[in-house]
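Geometric and topological summary
In case you want the letters, here they are:
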Amino acid sequence: TQIDSAIKNGPNVRVLYHTKGKILTEMAIFQKSHEIGRKYLMQAEDCFNRGINLNKKDSYGFESLASLYFEWSKKVESKDSDEAFDYLTKAEEIISKGLQTVRNRESLWILSSKMESYFGRTPESIIKLENAIKERPSAIIARYVLAKTYRTQNRQEEAIEILKPIIQANTEEFRAVI
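Below: a short report on this structure.

Rules behind the numbers
Residues numbered from 1 in each chain as written. Predicted model: local features only at pLDDT ≥ 70, side-chain atom pairs only at ≥ 80, totals over all residues. Heavy atoms only, no water. Core = buried A, V, L, I, M, F, W, Y, C linked by side-chain atoms within 4.5 Å. Buried < 20%, exposed > 50% of the residue type's maximum accessible area, 1.4 Å probe, protein only. Helix = DSSP H or I, 4+ residues; strand = E, 2+ residues; numbered from the N terminus. Contact = heavy atoms within 4.5 Å. Phe/Tyr/Trp six-rings, centres within 6.5 Å; stacked < 30°, edge-to-face > 60°. Lys NZ or Arg CZ within 6 Å of the ring centre and 35° of its normal. Axes fitted to C-alpha atoms, helices over the stretch in contact; angles between N-to-C directions. Parallel < 35°, antiparallel > 145°, perpendicular 65-115°, else oblique. Left-handed = near helix turned anticlockwise from the far one by under 90°. Nonpolar A, V, L, I, M, F, W, Y, C, P; charged D, E, K, R; others polar.

So, about the nonpolar core. Counting residues in each nonpolar core, the largest one holds 46 residues, and the members touching the most others are Leu65, Phe70, Trp72, Ile95, Met115, Leu129 and Leu146. For this core, the secondary-structure elements that each account for two or more residues are helix H2 (14-30), helix H3 (34-54), helix H4 (59-76), helix H5 (81-101), helix H6 (106-119), helix H7 (123-135), helix H8 (140-152) and helix H9 (156-169). Not counting residues within four places of it along the chain, the set of residues in contact with Leu146 comprises Ile126, Leu129, Glu130, Ile133 and Ile162.

Before going further, it helps to examine the side chain of Lys148. Secondary-structure assignment places Lys148 in helix H8. On the basis of relative accessibility, which here comes to 4%, the residue Lys148 falls in the buried class.

This paragraph deals with the packing of aromatic side chains. Inspection of the entire model under this criterion finds one aromatic pair. Judged by centre distance (5.6 Å) and plane angle (55°), the rings of Tyr69 and Tyr87 are tilted. Here Tyr69, found in helix H4, pairs with Tyr87, found in helix H5; they are 18 residues apart in sequence, far enough to count as distant. One exposure class covers both Tyr69 and Tyr87, and it is buried. Above the ring of Tyr69, the side-chain terminus of Lys90 is found at 5.3 Å from the ring centroid.

Turning next to the packing of H8 against H9. Direction vectors running N to C along H8 and H9 enclose 165°, while the axes themselves pass 8 Å from each other. Taken together, H8 and H9 sit at an angle that is classed as roughly antiparallel. Viewed along their axes, H8 and H9 form a crossing whose handedness is left-handed. On the side of H8, the interface is formed by Ile140, Arg143, Tyr144, Leu146, Ala147, Tyr150 and Arg151, while H9 contributes Gln156, Glu158, Ala159, Glu161, Ile162, Leu163, Pro165 and Ile166. Residue composition of the contact of H8 with H9, grouped by class: 10 nonpolar, one polar and four charged.

What follows is the structure, encoded as structure tokens:
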């Protein structure tokens, strides 16, 4: 394809990997076959990671990779809620890394807000977060997402209790105190 030819001619041009990743994201999300969609997902993931590695201070790669994971989680939610939860967690992990690394954080904050609205919309998703924390008490991202959900539901005391272990044990996780 043209994008592959361009990458071959300019293997260090970040925007080419980003463009290819965006195209593959669309193919993954709109593919009817789950398995073929997953192959596109992995290819898109690789493109975004290459772009991130070429410029770690640029938010486009982080935001696009987190968006890929978020969109995939929505796509697979009705078929496999555990996989959907895993990809939401991956998306939050990428956002956390990006917020600690990039110069312009606005798009990452916006995406995180969209995910919070989406994730906390059902009692089942809250139960999944609570169970994830019971299974793995050190799960920073699950704690963070659950606390955000509690906070939007005006359950501040529960949010504080969920965040305490993160704040006490991991001072690098700055989103926990926001």
